[in-house]
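# Chain and residue survey
Residues per chain are reported as follows:
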Amino acid sequence: MKRNLFLTLLFLTFSSLLVNAAVVEEVIPEDKSVIKGTITDAKTGEPLIGVNVFVPGTVIGGSTDLDGSFFIEIDPGKYTLKMTLIGYEDVTIPDLIVTRGKALNIQQKLIEDSALLGEVVITAKMTRDSEVSAILVQQNSVIMLENVSSDELSRKGISNVEEGLTKVAGITKQATRGIVVRGLGDRYNNVLLNGLPLPSLDPDKKSLPLSMFPTSVINTLSINKSYMGRLYGDFAGATVDIETKNTPRTAFFNIGVSGGMNSYYLSGDDQKLDNTNLTGYLGIDKRRRDLPQYLYALSQLGHYYEDYPYPYLNTSVISNIKGSEIFETKFNPDVRKTPIDFGFSMSGGKTFQLSDAVRLGFVSTANFSSDNDKKEGVQRLLDAQGGVIKDYDFQEWAYNTKLNALLALTLDVNSKHRFTFNNLYLNNSTNSVNEMIGYDDLSGFDLFLRRSKYVQNDLYNGQLLGSHDLDDNEKFFFDWGVSYSFVESDEPDTKDVSMEQTKADSSVYKYKSAPGSNGGRYFGEMEENQYAARAAFRMGFGASPDGEQPYKNYLNVGYNFSARERDFFQILLGFGAKSAFTKDLDYTVDVNDPDSFLNRALDMGAFYYNEIAPDGGRDFEADQTIHAAYLSFEKYFSDKFTAVADVRIEKTDRTMKFVDPTSSVFDPFTELTYDPTDVLPGINFNYKISDETNVRLAGSKTVTRPGIREATNSVYKIPGVGSIFGNSDLVNSTNYNADLKFETFPNRGEMFAVNAFYKRIEDPIERTAEPAAGGRAFTFKNAESATVYGVELEMIKNLGNLFKSETFRPLTFGMNATLMFSEITIPESNGFVTNKERELQGASPYLINADLTYDKKVTDSWTTKATATYNVFGERIYAVGGGGIGDFIEQPQHTIDFIWSNTINHKLSFGFSIKDILDTDFHVEQDGVNEGKDPITGEYNDGMTISFKLGYKF
């Protein structure tokens, strides 16, 4: 019987080659020799993306593109060609004769391998950068998972990770809160890079801004909305794991340029920026703007006593300093005409076959991009009934840069051991000028306000990763990684100036009186070092009864470590006034040249720089260490039913040093420790109705820890926002999560899924507003509870399959939608919050994303692709109201983008895009104002952007 089975398999193998492969020889230029072709699905006839096509034992090869096509230049000779793709039977074509001046054109069909369509374990060796591969991994994962591939991000014209995540069901972006997942903002979400944590760039945020990550360094985004033991337990919304690019099987080198312009500047508007120069245009200008060395040296006096805060720069120390003598930057804005967006990119990679068993590869990318934004709108402050307190028209100009580089080295040994060394550098900067003019009831004057600001963020991350298949029978697998990260976030020399209209002549402004409170320079800097490690061991045991898996049981044991060291420093220099000299000072100011007035006032001794002492001190220090161990057990009851049970124990040790606002500025730092231990269980079930259809159920318990500065009694000021008070009485939030999901994958690259979710959060942490002298202050408190539940719908469908027509084959429709309900209960003891029961801040009742793509191979050498995307969210709470004032409601925005790209001869690429075709307004209204009153508190338009790109692949 075994002999008959062997003969049958041998006959089917050779029959499939004879039936599914066609090799045709074509004439090409005499100096060339080529193997090319197209690979399709044997069942559906659809092109297969990401098929590895290579000559075994060499580095010669490539992979198929979006049309299923491949192209390999090769020396004349006799070769064996192999084709592999996850979920399909491997195909080997022997004895191919390649001659000079001829091209072998291979048309190959691949057959699905049902044995490979069972559950898979995601490891670092998987290639998931194509949309089809990403969907296949999602289909066959033992846990609930969503993947976004780099191919999909490129197709939708997405430039960074944050923008890409907004195309996932249940995820949206809010201006001040970053990514919001199922109504849960920054504090409830986590970001990993290749399974290892990343530090934050903002002392008040938990996660790194995902807009810093360009899609050019990304292989795949894995979005985990349900918990499993290998993930850090501090999340309730989602953990996003960014997988960086893998080394290629075949050598490549790409270059590209891009350009564009915002519609405001297309119409001829000028741009105002803060102290521009070459280093500023490159996004590396913080050193020029840093606190002058003379003042920095003074600020370090007393630093020898490390348990004490720095002394303040008082009047006697710096009263004779003239701004023009020590500051390189000025208060006057620079003006540019017709600013153009620009970008440049290059990437390359190659693999070297060092021996039959050892292969070394590298991939490297470097990118620079700049864009120019403008906003025009209104900003208003209303009382509870809608009466106007402040009413400003504003304009804001911004120049933004992104600079990044990736170098990854990979060593493969015997196809069982892989070592990867990743080096990633990210830099972004924003140079902005904000001007506001309007009525201020608090002062009784019409005011002109200007803020000039430059922010620069830098991140370096180095990782050493390893994966090891320790047994020929897939019984033992070991995976590990270590990383070091350094981040620096600088806000050097933010400048504020205020002027008031004269009552006699509205065209004449005077410098606003009481100078100590309305002008000056702010310097802020945060540095953080982070060390992280992970290790995971996987063991299979128990023979699988149906052969779908090598084993019916898998045991996973793992360990995670993370250590963070954070230092924050800030100093605010205001203008003091000497009454003996101010009586002779003419306060008239040219709004476009405040330097003339300020330098005159400084030179004559009427004004002087003086440090405005922050209530919470200049400095803040924190150390945090997390040790975690987890145990996970996978049970394959049959080829239909799988269960995964997890338990994780996390021990956190946090130490913070800060200035207690109730103490003297000369007292030692207050030290606060925080050391909880959390036990976090989770369970996942998966039932396969068929090879194409799954039903999944997941439940878990997780925690949300207070942010580092939130959990102290320190007070710190953010210019233009107000004072923010920490709260050492905060406790962890406890999160109970449940998901039920139905998903089916009718054809390759297609998907339909419905997911119901529920979350119960005990002691959720919220930022609340409270009354304070001269305005408003913010603090953090635990609410009683919060509930979030809803339904998510996802779909990807080729219209050719839908209508059974080849005419529609180039068209693919994608859509996801979320219907969501949320409620939070505020304790009665928090008397300042107006609404004690309301929706969660940032939670929209509905979200819709849709896209339609036309992908056509027009000729043998020309492929064109056009994508239109649509996004809308329902109205949501932008900010929580207090003191009788209603909540601030952000109104829905409808957004349409269009992206068109082309490829010629697999080498030349070009295209253009239009972002925000509808040119929609951002719009916030205050709830509960009296009838007939205008409820608008914020509104602006930021124009649409038209851009182009050009690239070449060598």
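Preceding this section is the structure that the text describes.
First, a word on scope: everything that follows refers to the structure included in this document. Nothing here was measured: the structure is a model prediction, and the numbers come from that model.

To continue, consider the overall build of the protein chain. Scanning the protein chain from terminus to terminus reveals 13 helices and 52 strands. Taking all 954 residues of the protein chain together, the buried fraction comes to 54%. Across the protein chain, contacts joining residues at least 24 apart in sequence account for 70% of those joining residues at least 6 apart. Of the roughly 39500 Å² of accessible surface on the protein chain, a fraction of 57% belongs to carbon and sulfur atoms.

All right, on to the packing of aromatic side chains then. Counting across every chain of the model gives 28 aromatic pairs. Summarising the aromatic geometry, the rings of W900 and F910 are spaced 6.1 Å apart at their centres and angled 90° between planes, so their arrangement reads as edge-to-face. On the criterion of sequence distance, the pair formed by W900 in strand β48 (residues 894-904) and F910 in strand β49 (residues 908-915) is long-range, its members being ten residues apart. Note on F910: relative accessible area 29%, which makes it partly exposed. These aromatic residues form a ring-pair network of at least three members: F331, Y511, F575, Y587, F597 and F607. Positioned above the aromatic ring of F757, the side-chain terminus of R182 is 4.1 Å from the ring centre.

The next subject is helix α12 (residues 594-603). Every buried residue of α12 is accounted for by P594, D595, F597, L598, A601 and L602. Projected onto a plane normal to the axis of α12, the buried residues spread over an arc of 165° and lie on a single side. Just past α12, the residue G605 takes up positive phi, approximately 85°.

What follows deals with the pattern of salt bridges. Per the stated rule, a full pass over the model turns up 44 salt bridges. K272 serves as the salt-bridge partner of E435, at 3.1 Å between the closest nitrogen and oxygen. With E435 in strand β22 (residues 417-440) and K272 in strand β17 (residues 270-273), the pair connects residues that are 163 residues apart, well separated along the chain. By relative accessible area, E435 is classed as buried at 8%.

Spatial strand order, β4-β3-β6-β7: four strands in an open sheet with antiparallel pairing. Strands at the two margins of the open sheet, each flanked by one partner only, are β4 (61-63) and β7 (91-98). For this sheet, the mean angle separating the axes of adjacent strands, direction not counted, is 20°. Relative to β4, strand β3 (residues 52-54) is paired through three bridges, and the arrangement is antiparallel. Residue pairing in the sheet places N52 in a bridge with S63 of β4.

Turning next to the environment of R564. As for its position among the elements, R564 is in strand β27 (residues 551-577). Judged by relative accessible area, R564 falls into the buried class, the value being 14%. Excluding anything up to four places from it in sequence, R564 contacts S200, E528, N529, Q530, A622, D623, Q624 and I708. At 2.8 Å, the side chain of R564 and the side chain of E528 are in polar contact.

With that settled, consider a nonpolar patch on the surface. There is a patch of nonpolar side chains on the surface, built from F253, I255, V257, F342, F344, M346, L908, F912, F948, L950, Y952 and F954 and spanning about 1000 Å² of accessible area. Elements that contribute at least two residues to the nonpolar patch include exactly β16 (252-262), β19 (341-353), β49 and β52 (945-953). Examined against the element boundaries, F912 turns out to sit in strand β49.

Two strands pair when backbone bridges link them, and strand β31 (residues 641-658) and strand β33 (residues 677-690) are joined in this way by eleven bridges, in the antiparallel orientation. Each residue of the ladder has a partner; that of V647, found in β33, is P681. Two elements, β33 and strand β34 (residues 693-704), share eight bridges in a ladder whose sense is antiparallel. Bridge assignment links F685 to a residue of β34, and that residue is L697.

This paragraph deals with the sheet that holds strand β12 (residues 189-193). Strand order in the open sheet formed by five strands is β9-β14-β15-β12-β13, with mixed pairing between adjacent strands. The sheet is open, and its two borders are formed by β9 (146-149) and β13 (196-197), each paired with just one other strand. As paired elements, β12 and β13 share two bridges and run antiparallel to each other. The residue bridging L193 from the neighbouring strand is L196, located in β13.

So, on to the environment of E692. With respect to the helices and strands, the residue E692 is situated in the loop between β33 and β34. Classification of E692 by relative accessible area gives partly exposed; the value is 31%. The spacing of E692 and T744 is 52 residues in sequence and 5.4 Å in space, taken between C-alpha atoms.

To continue, consider a negative patch on the surface. Side chains of E112, D639, D691 and E692 sit close together on the surface and give a patch of like negative charge. Topologically, D691 is positioned in the loop between β33 and β34.

Before going further, it helps to spend a moment on the pairing of strand β41 (residues 785-798). Across the 14 residues of β41, ten count as buried, placing the element largely inside the fold. Alignment of strand β38 (residues 751-762) against β41, held across twelve bridges, turns out to be antiparallel. Following the sheet pairing, N755 is matched in β41 by E792. Sheet topology note: the β41/strand β42 (residues 811-825) ladder contains 14 bridges and is antiparallel. Paired with N798 across the strands is T812, a residue of β42.

What counts and how
- Residues numbered from 1 in each chain as written.
- Predicted model: local features only at pLDDT ≥ 70, side-chain atom pairs only at ≥ 80, totals over all residues.
- Heavy atoms only, no water.
- Helix = DSSP H or I, 4+ residues; strand = E, 2+ residues; numbered from the N terminus.
- Buried < 20%, exposed > 50% of the residue type's maximum accessible area, 1.4 Å probe, protein only.
- Contact = heavy atoms within 4.5 Å.
- Areas by Shrake-Rupley, 256 points an atom, 1.4 Å probe, with all protein chains shown as cover.
- Phe/Tyr/Trp six-rings, centres within 6.5 Å; stacked < 30°, edge-to-face > 60°.
- Lys NZ or Arg CZ within 6 Å of the ring centre and 35° of its normal.
- Arc of directions from axis to C-beta.
- Salt bridge = Lys/Arg side-chain N within 4 Å of Asp/Glu carboxyl O.
- Pairing = 2+ DSSP bridges.
- Axes fitted to C-alpha atoms, helices over the stretch in contact; angles between N-to-C directions.
- Polar contact = N/O pair within 3.5 Å; in protein donor to acceptor, adjacent residues only side chain to side chain.
- Patch = residues over 30% accessible without salt bridge, like charges linked within 9 Å, V, L, I, M, F, W, Y side chains within 5 Å.
- Lys, Arg positive; Asp, Glu negative; His and termini not counted.
- Charge placed at Lys NZ, Arg CZ, Asp CG, Glu CD.

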